[in-house]
Amino acid sequence: MKKEDLEYFKSHSGYKRLFTAFRERYRSLGRVGGSVRLVNLTPEEKEVLSAHFRRDYSRAYEATVGLLAFEESLKGTRFEEYSLLQLLEAYFGSPLTCKREEEDAFLKAKEHFFGELLTACGSDRSRIWLEKVAKMQAAGWKMVHRRFVSESDRSGLFEDIKLVCEALDNLPAGKNERERLPVFSSRITKDPHWFDPDTFCGALFLNALFTLFFDEELKGGEARAEAYYRAGLIIDEISNFTTLCGLTAYKGDAGDPVWQAAFQNSQVLQVPLLNLSRVERVVSPLKIVFALENPGVFTALVDLFHGRSPLPPMVCTFGQPRLATLVLLDMLAKSGTQIFYSGDFDPEGLMIADKLEKRYKENFKFWRFSVEDYEKSLSESALNKKRLSILNNITSPELAAVKERIMETKKAGYQELLLEELCTDIIDVIS
């Protein structure tokens, strides 16, 4: 198009909204055709329409304009040599495309993008994750898709994904090692904060770990901590602790002196994840461990067994188990220890028990979760609809009866009211 002709259309603001609507109609149909509707016409738009269609639009509020009719209006003017398609492409400075063409181009670009990344994968871990991202099946795939849609950011996204793949290819757990997250991040990216959870790469890396280890979306601080731990990465190793008694720990064949002293002197031990990661085995001499949800119940039982050496093998989960407690129970289950778990009769307590059974399977035993036990522990604490709805997520057959009873009474039962029964059960085992 001649420069002066293009300048004519560019300099008249009355064409801007009209041509934009024409372009969108072309994208939708894939051809010049159909019509567009403009409402709340500006004076400039009224002037343009009046000139093209030789009728008075000065009092019009809206107008429906056919694309072919507009093209026909160019005949007999200085612009008759141009088709509407030529005019629009010159006006917007790029070829017009329809949605199908754009979708085909997008899919080809995406296939090429992930194909290039897959050739750079150094392990099955990164390959599996990338394939799931490409198929929109991975946790966090939407954050990748949003950046990929922005063509100007694709090269940056490519480099970020390469770094995440390199991280997955070099997880410390692959060598049965442990490494602190900032040190690992520095080794992969030269930046200790590159994989911080509040950065794009950090969030993408975490979602990759969830895809590989849990195949679900990122959720919860403790779940994130476990994902890191499974990858061999250590975070929050001091404040993440577990509380126990009556257990011993070993590295190789040598007993850990701190654990041994606590065991022999009937002391409660609080073990941070840092120390727990330095032992190889945790052992219950009785091949049983009693896991209790509430610290009040745990300490009451410790008091009841005061003077006995050693104390019964017990663990306190403090409600939802922290990573350190799960790591401890993992070690015990690995050695063949039976985990007897007791908790509150409320939706959250039953959910904890349900999840622990799924995790430890044949090594897990429900401890005092019968309807009779619930009736003994029943309180006047009412459960609202929101909390009761949590019970719908509990699937263990062994909890079915008590779950139904809680839904009937709509009241919580508390572990503290079963203290005498719990104590008797422990005595029966250790005697």
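Peer 1: How do you make sense of the overall build of the chain when you look at a structure like this?
Peer 2: From N to C terminus, the chain includes 21 helices and 15 strands. Along the first, second and third principal axes, the C-alpha set of the chain runs to 110 × 55 × 30 Å. Scored against the burial criterion, the 431 residues of the chain give a buried share of 45%. When contacts within the chain are restricted to residue pairs at least 6 apart in sequence, long-range pairs at least 24 apart make up 71% of them. In the form shown here, the chain has an accessible surface area of approximately 22000 Å², with 51% of it arising from carbon and sulfur atoms. Between the averaged position of the 58 positive side-chain charges in the chain and that of its 64 negative side-chain charges there is a distance of 4 Å.

Peer 1: Mind showing me how you'd approach the pattern of salt bridges here?
Peer 2: Think of it this way: side chains of opposite charge can pair up when their charged atoms draw near. Inspection of the entire model under this criterion finds 24 salt bridges. Note that K2 is salt-bridged to E81, the shortest N-O span being 3.9 Å. Of this pair, K2 sits in the segment before α1 (3–11) while E81 sits in the loop between α4 (67–73) and α5 (84–92), and the two are 79 residues apart along the sequence. For K2, a relative accessible area of 43% puts it in the partly exposed group. Among the ionic pairs, R359 bridges to E226, the shortest N-O distance being 2.5 Å. Remark: E226 occurs in helix α12 (residues 221–230) and R359 occurs in helix α17 (residues 347–360); sequence separation between them is 133 residues. Residue R359 is classed as partly exposed on the basis of its relative accessible area, which comes to 27%. Sharing partners across several salt bridges, the network here consists of E226, R230, D330 and R359.

Peer 1: Even after reading the chapter, I still don't get the environment of F318, so can you show me in this structure?
Peer 2: If you trace the backbone, F318 turns up in the loop between β11 (314–316) and α16 (323–334). In the structure, F318 is positioned 25 residues away from E293 in sequence and 5.4 Å away in space, judged by C-alpha atoms. Apart from the residues lying within four places of it in its own chain, the contact partners of F318 are F241, T243, L292, E293 and P295.

Peer 1: Would you take a moment to explain the sheet that holds strand β6 (residues 248–251) for this structure?
Peer 2: Two orientations exist for strands paired in a sheet by backbone hydrogen bonds: parallel and antiparallel. Reading across from one edge, β7-β6-β9 is the order of the 3 strands in this open sheet, with antiparallel pairing throughout. Looking at strand neighbours, the two that pair on one side only are β7 (254–255) and β9 (281–283), the edges of this open sheet. Those strands touched by helix α13 (residues 257–264) are β6, β7 and β9, and its axis lies near 160° from that of β6.

Peer 1: Would you mind going over the nonpolar core with me for this structure?
Peer 2: Among soluble globular proteins, nonpolar side chains are generally buried collectively. Ranked by internal contacts, the top residues of the largest apolar core, which has 64 residues, are W259, L276 and V282. The biggest single contributor to this core is α16, with 9 residues. Not counting chain neighbours up to four residues away, the residues in contact with V282 comprise L247, T248, A249, W259, L276, L328, M331, L332 and S335. Among the nonpolar cores identified, the runner-up in size contains 36 residues, and A139, M143, F184 and L206 belong to it.

Peer 1: Help me understand the environment of K410 in this model?
Peer 2: Residue position: K410 is located in the loop between α20 (400–409) and β15 (411–413). Remark: the alpha-carbon pair of K410 and R387, spanning 23 residues in sequence, is separated by 9.6 Å. Setting aside anything within four residues of it in sequence, one finds K410 in contact with S381, A382, L383 and L388. Within polar-contact distance, the side chain of K410 engages the backbone oxygen of M407 at 3.4 Å.

Peer 1: Where do I start with helix α3 (residues 43–53) in this structure?
Peer 2: Think of an α-helix as 3.6 residues a turn; residues three or four steps apart then line up on the same face. Residues E45, K46, V48, L49 and H52 constitute the buried set of α3. Down the axis of α3, the sector holding all buried residues measures 165°, keeping them to one side. With respect to the buried face of α3, the exposed residues turned more than 90 degrees away are P43, E47 and A51. The inward-facing, buried residues of α3 abut α2 (16–29), β2 (62–66) and α4.

Peer 1: How do you make sense of the sheet that holds strand β13 (residues 364–366) when you look at a structure like this?
Peer 2: Spatially, 6 strands are ordered β8-β5-β11-β10-β12-β13 in an open sheet, and the strand pairing comes out mixed. Looking at the sheet topology across the chains shown, the edges are occupied by β8 (269–272) and β13. Each strand of the sheet is rotated relative to its neighbour by a mean of 25°, with strand direction disregarded. Note: strand β10 (residues 288–292) against β11, 3 bridges, orientation parallel.

Rules used throughout
- Residues numbered from 1 in each chain as written.
- Predicted model: local features only at pLDDT ≥ 70, side-chain atom pairs only at ≥ 80, totals over all residues.
- Heavy atoms only, no water.
- Helix = DSSP H or I, 4+ residues; strand = E, 2+ residues; numbered from the N terminus.
- Buried < 20%, exposed > 50% of the residue type's maximum accessible area, 1.4 Å probe, protein only.
- Contact = heavy atoms within 4.5 Å.
- Areas by Shrake-Rupley, 256 points an atom, 1.4 Å probe, with all protein chains shown as cover.
- Lys, Arg positive; Asp, Glu negative; His and termini not counted.
- Charge placed at Lys NZ, Arg CZ, Asp CG, Glu CD.
- Salt bridge = Lys/Arg side-chain N within 4 Å of Asp/Glu carboxyl O.
- Pairing = 2+ DSSP bridges.
- Axes fitted to C-alpha atoms, helices over the stretch in contact; angles between N-to-C directions.
- Core = buried A, V, L, I, M, F, W, Y, C linked by side-chain atoms within 4.5 Å.
- Polar contact = N/O pair within 3.5 Å; in protein donor to acceptor, adjacent residues only side chain to side chain.
- Arc of directions from axis to C-beta.

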